[in-house]
Amino acid sequence: MEKKSIFVKDFITNSSIGIYPKEKHKKQKLKISVYLTLERIKNKDAIGSTVSYEEIISVLSEIKDYKHINLLETLAKKIFSKLEKINNIKKIKIVIVKCNILSGNQEVGITLEQSI
C-alpha cells in the first residue's frame, strides 16, 4: 500500500516562549518541522490530490505573532489544532527545537505525533 507524506523541515521562526523570567522578555529562535501523512487519494497531477506546502508554511508563519507561551508542548498543540483543519490529513507529526539553548551543537525540544 502506498503511503503519501508531505513535510516542511527546519522552518525557522522566533517566538516568545519559556517558563523562566529571562525567556519572557526576549523572543527565542525555534526550528520547527511538520510531517503530514495524507489520506489515500487518486494520483493526479493536481493540487487537489495533495496538500499545499503554502498551507503549512502559512500556519508556521503565524507563530512569530503569538502572545507568550510557557511550554513547547502548548505551542505544538496550537500548531496541531490549525493543521488538523486541512483536508486529506490522517496523521500529524510536529518537531519543535529551541535553538541556541545549550552550548555546542546540542538541541532541546519536543515531538508531538497524533492521528486525526
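Here we summarise the structure given alongside this text. Computed from a prediction, not measured in an experiment: that's the story for all the values here.

This paragraph deals with the sheet that holds strand β2 (residues 28-38). In space, the 4 strands of this open sheet follow the order β1-β2-β3-β4, with antiparallel pairing throughout. Every interior strand has two partners, whereas the edge strands, β1 (4-15) and β4 (108-115), have only one. Shown here is a sheet whose adjacent strand axes are inclined to one another by a mean of 15 degrees, direction ignored. Inspection of the sheet shows strand β3 (residues 89-98) paired to β4 by 8 bridges, in the antiparallel sense. In the strand pairing of β4, I96 is matched with I110. In the packing of helix α1 (residues 53-61) onto the sheet, contacts are made with β1 and β2, and the angle to β1 comes to roughly 25 degrees. On the sheet, helix α2 (residues 72-83) packs against β2, β3 and β4 and is oriented at approximately 150 degrees with respect to β3.

Enumeration over the complete set of coordinates arrives at 5 salt bridges. The salt bridge partner of K91 is E113, with a shortest N-O separation of 3.0 Å. Here E113 lies in strand β4 and K91 lies in strand β3, a separation of 22 residues in the sequence. With a relative accessible area of 31%, K91 lands in the partly exposed category. Look at E113 and you get partly exposed, because its relative accessible area is 44%.

Conventions we followed
Residues numbered from 1 in each chain as written. Predicted model: local features only at pLDDT ≥ 70, side-chain atom pairs only at ≥ 80, totals over all residues. Heavy atoms only, no water. Pairing = 2+ DSSP bridges. Helix = DSSP H or I, 4+ residues; strand = E, 2+ residues; numbered from the N terminus. Axes fitted to C-alpha atoms, helices over the stretch in contact; angles between N-to-C directions. Contact = heavy atoms within 4.5 Å. Salt bridge = Lys/Arg side-chain N within 4 Å of Asp/Glu carboxyl O. Buried < 20%, exposed > 50% of the residue type's maximum accessible area, 1.4 Å probe, protein only.

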